[in-house]
Amino acid sequence: MRRVFREDHNMFREQARRFVEREITPHLHEWEKQGIVPKEVWRKAGEMGLLCSTVPEEYGGAGGDYGHSAVMIEELARANATAVGFTTHSEIVAPYLIAYGSEEQKLKWLPEMVSGNMIGVIAMSEPGIGSDLRSMRTQVRREGDEYVVSGQKTFITNGGNADLVVTATKLDPASKDLTLICIETDRPGFSKGKLLDKIGLKGQDTAELFFDEVRVPVSNRLGEENKGFKYLTHQLAWERLIIGLRAAQSIETLFEETLEYTRERKVFGHSVFDFQNTRFKLAEVKAQATMLRVFVDDCLERVMRDELPADVAAMAKLLGSELQGKMLDELLQLHGGYGFMSEYKIGRAWVDARVARIYGGTSEIMKEIISRNF
């Protein structure tokens, strides 16, 4: 029993697991072929109270905490449900609105996000800028009671399904200051590019977004002008811990499935597990997984107390993503040729895990953040 979770968290896990097993897992192959998850799935999740669990009750949410968030993150990771972009919607976009949104914005958008009727995305990345957010080129200018936005974003999770885009922009092209503008996707001048063809995360509707003189009321600005970079960095510790939590669950789940596979699979008259090399490899994965689990659970306890430092969150992201890549590679090897078949979860998870060392800040950026605290 993990001490970080209370009984209400455990009850929520049972509900989340049943939903994933019934509504998500049977359809993952189909969604990976289509490159997108039907919006109906989002609405079903909303009806079950599985979206935006930290949204306060006055805005339609359950008023949960990061423990409830972690449960949903882990249950999706357990199924390797990388097609389902609930986490970006619930754990990145919604917290921005809670932290920096006006009362009008919260009442307008949060209930719709909780219900799954509105899918939220965060639009930061642009072609050619990598992790250097301050060099982005998407422009905004004010004209009376409106903002006018022009530019392009790429690698946007949930981009195909997006209904509300929290968009990072610049009022002054020469400045490094950012301003966050919330843009509904039905506004004139907004368009979505084709879904991006990725080597992994095949079911995730990652897309380019285009803004051609898109007009929104000034009331759509999130927080204050030129404070966007501060807002974005304030939430990064939790966003990076999410990747660490997902990695820990992925390794644990694939370890259990590989253990079962090696006990059943026969080679030269013996189970694969009977060979010492197999047992030693599994022992190493188990040890590494246990170490990672203890660390990320400690980080989760700290973030629930609002005491998680940026450098420690960077460590969780760095160690989690790097270990996930290495350990899943070892587990795939124990499957032999079947590990390379997409029908086996290990193969799909191995490919999907590669991006964890890139998004949320690359491993190299994490090392830079950690080293600043020496």
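Each remark here, short or long, concerns the structure printed above.
A quick note: this is a predicted structure, and the numbers were derived from the prediction, not measured.

**Notes on the overall build of the chain**
Step number 1: Looking only at helices and strands, the chain features 12 helices and 10 strands.
Step number 2: The C-alpha atoms of the chain give a radius of gyration of 21 Å, which matches the 21 Å a tight globule of 374 residues would have.
Step number 3: Expressed along its principal axes, the backbone C-alpha trace of the chain runs to roughly 80 × 45 × 40 Å.
Step number 4: Counting every position in the chain, which comprises 374 residues, the buried fraction comes to 52%.

**Concerning the sheet that holds strand E1 (residues 120-123)**
Step number 1: One open sheet holds the 4 strands; their spatial order is E1-E4-E5-E8, and the pairing between them is mixed. The open sheet terminates on both sides in strands that have one partner only, identified here as E1 and strand E8 (221-222).
Step number 2: In this sheet, E8 lies alongside strand E5 (residues 179-184) in antiparallel orientation, the contact comprising 2 bridges. Across the sheet, the residue bridging to Leu-180 is Leu-222, located in E8.
Step number 3: Those strands touched by helix H5 (residues 86-100) are E1, strand E4 (164-169), E5 and E8, and its axis lies near 80° from that of E1.
Step number 4: Relative to the sheet, helix H6 (residues 103-115) contacts E1, E4, E5 and E8, its axis offset from that of E5 by approximately 60°.

**Quick word on the nonpolar core**
Step number 1: Residues Ile-24, Phe-86 and Leu-241 are the most contacted members of the largest nonpolar core, which totals 85 residues.
Step number 2: Looking at which element gives the most residues to this core, the answer is helix H8 (residues 236-264), with 10 residues.
Step number 3: Core analysis: the second largest hydrophobic core is formed by 16 residues, Ala-162, Val-165, Ile-181 and Phe-190 among them.

**Overview of the packing of H8 against helix H11 (residues 345-353)**
Step number 1: Where H8 meets H11, the axes come as close as 11 Å, and the angle between the chain directions of the two elements is 150°. Between H8 and H11, the angle is such that the two are roughly antiparallel. Like other packed secondary-structure pairs, H8 and H11 cross with a definite hand, here left-handed. Counted together, Thr-253, Leu-254 and Glu-257 of H8 and Lys-345, Ile-346 and Ala-349 of H11 form the full contact between these two elements.
Step number 2: Looking at the contact of H8 with H11, its residues break down into 3 nonpolar, 1 polar and 2 charged.

Thresholds applied
- Residues numbered from 1 in each chain as written.
- Predicted model: local features only at pLDDT ≥ 70, side-chain atom pairs only at ≥ 80, totals over all residues.
- Heavy atoms only, no water.
- Helix = DSSP H or I, 4+ residues; strand = E, 2+ residues; numbered from the N terminus.
- Rg over C-alpha atoms; globule rule 2.2 N^0.38 Å.
- Buried < 20%, exposed > 50% of the residue type's maximum accessible area, 1.4 Å probe, protein only.
- Pairing = 2+ DSSP bridges.
- Contact = heavy atoms within 4.5 Å.
- Axes fitted to C-alpha atoms, helices over the stretch in contact; angles between N-to-C directions.
- Core = buried A, V, L, I, M, F, W, Y, C linked by side-chain atoms within 4.5 Å.
- Parallel < 35°, antiparallel > 145°, perpendicular 65-115°, else oblique.
- Left-handed = near helix turned anticlockwise from the far one by under 90°.
- Nonpolar A, V, L, I, M, F, W, Y, C, P; charged D, E, K, R; others polar.

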